[in-house]
Amino acid sequence: MSGTFITFEGGDGAGKTTQAALLEQWLEGRGLEVVRTREPGGTRLGAEVRRLLLHGGDEIGAVDARAEALLYAADRAQHVSKVVRPALDRDAVVVQDRYIDSSLAYQGAGRVLEVDEVRRISEWAAGGLWPDLTILLDIDPESSAGRRRSRGDAADRLESEDVAFHIAVREGFRALAKADPHRYFTVDATLPVDEIHTRIVGRVAGFITR
Ligand code: TYD
């Protein structure tokens, strides 16, 4: 396996999708094969899991915290084995919205489960695959909620959680980034889009030596 695995993390509405698209263009401009993907929902099985997790509503009732963590892990297992590893094996750059760190921040820090337990099941699901680089788009939950409202987006199940939950998630991400500055690159997500992109490219260029 010799490709490069880059993940984007951050709260809902931090601008991950915009930045992932810009990074994809930049990498392709350098002649690299890029696989843009996401969790949950990067496979056909995952799309079903995603639908249940985010839009299941009354159909599934209240979701137990362990059940939720295992559903994200099931999505991840399928995605890593069917999409991410095959792409890395053929030397591609994988640019992915959300990965293990989202489970640690949302299911661990934001809820009742122990972060280390969530890490264990997630790592098992992923067969021990960690990203080469994780870009954290850091934003306070009030600002990102404002952005979503101004886009007219409806809130999904997790986005409708209270502010305290989103603050805990943000703190979870920041603690993860602080504990692993080698893998993590944190960018202030309130900066202009171009400025964020420039900073990201500055860091990614160090990985892309081809
Ligand atoms: P996503 O579609 O990335 O939402 P957004 O585009 O708003 O950032 O992710 C869906 C939701 O799933 C998001 O609220 C975070 C949550 N999530 C977890 O709770 N655990 C996980 O392991 C993952 C991958 C996502």
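Look up a bit, the structure's there.
Quick caveat, the model's predicted, so the values are computed rather than measured. (Residues numbered from 1 in each chain as written. Predicted model: local features only at pLDDT ≥ 70, side-chain atom pairs only at ≥ 80, totals over all residues. Heavy atoms only, no water.)

## Quick word on the sheet that holds strand β5 (residues 184–188)
For step 1, the next point in the chain: Taken in spatial order, the 5 strands make up an open sheet running β2-β3-β1-β4-β5, and their pairing is parallel. Each edge of the open sheet is held by one strand with a lone partner, namely β2 (34–38) and β5. Neighbour-to-neighbour, the strand axes of the sheet open up by a mean angle of 20 degrees, direction not taken into account.
For step 2, the next point in the chain: As paired elements, β2 and strand β3 (residues 93–97) share 5 bridges and run parallel to each other. Bridge pairing in β3 places threonine 37 opposite glutamine 96.
For step 3, the next point in the chain: Its contacts with the sheet place helix α4 (residues 100–109) against β1 (4–10), β4 (133–138) and β5, and it is angled at close to 25 degrees to β1. (Pairing = 2+ DSSP bridges. Helix = DSSP H or I, 4+ residues; strand = E, 2+ residues; numbered from the N terminus. Axes fitted to C-alpha atoms, helices over the stretch in contact; angles between N-to-C directions. Contact = heavy atoms within 4.5 Å.)

## Digging into the site of the ligand
For step 1, the next point in the chain: For the ligand, the set of nearby residues contains 15 residues, the closest of which are Asp12, Arg50, Arg98, Ser103 and Gln107.
For step 2, the next point in the chain: Here arginine 50 contributes a side-chain N or O atom positioned 2.7 Å from an oxygen atom of the ligand.
For step 3, the next point in the chain: In this structure, glutamine 107 approaches the ligand through a side-chain N or O atom, which is 2.8 Å from a nitrogen atom.
For step 4, the next point in the chain: Every element with two or more residues in the shell around the ligand is listed here: α2 (44–55), α3 (65–89) and α4.
For step 5, the next point in the chain: Considering each element in turn, the shell around the ligand owes the most residues, 4 residues, to α4.
For step 6, the next point in the chain: When its residues are assigned to classes, the shell around the ligand shows 5 nonpolar, 3 polar and 7 charged. (Near = heavy atom within 4 Å. Polar contact = N/O pair within 3.5 Å; in protein donor to acceptor, adjacent residues only side chain to side chain. Nonpolar A, V, L, I, M, F, W, Y, C, P; charged D, E, K, R; others polar.)

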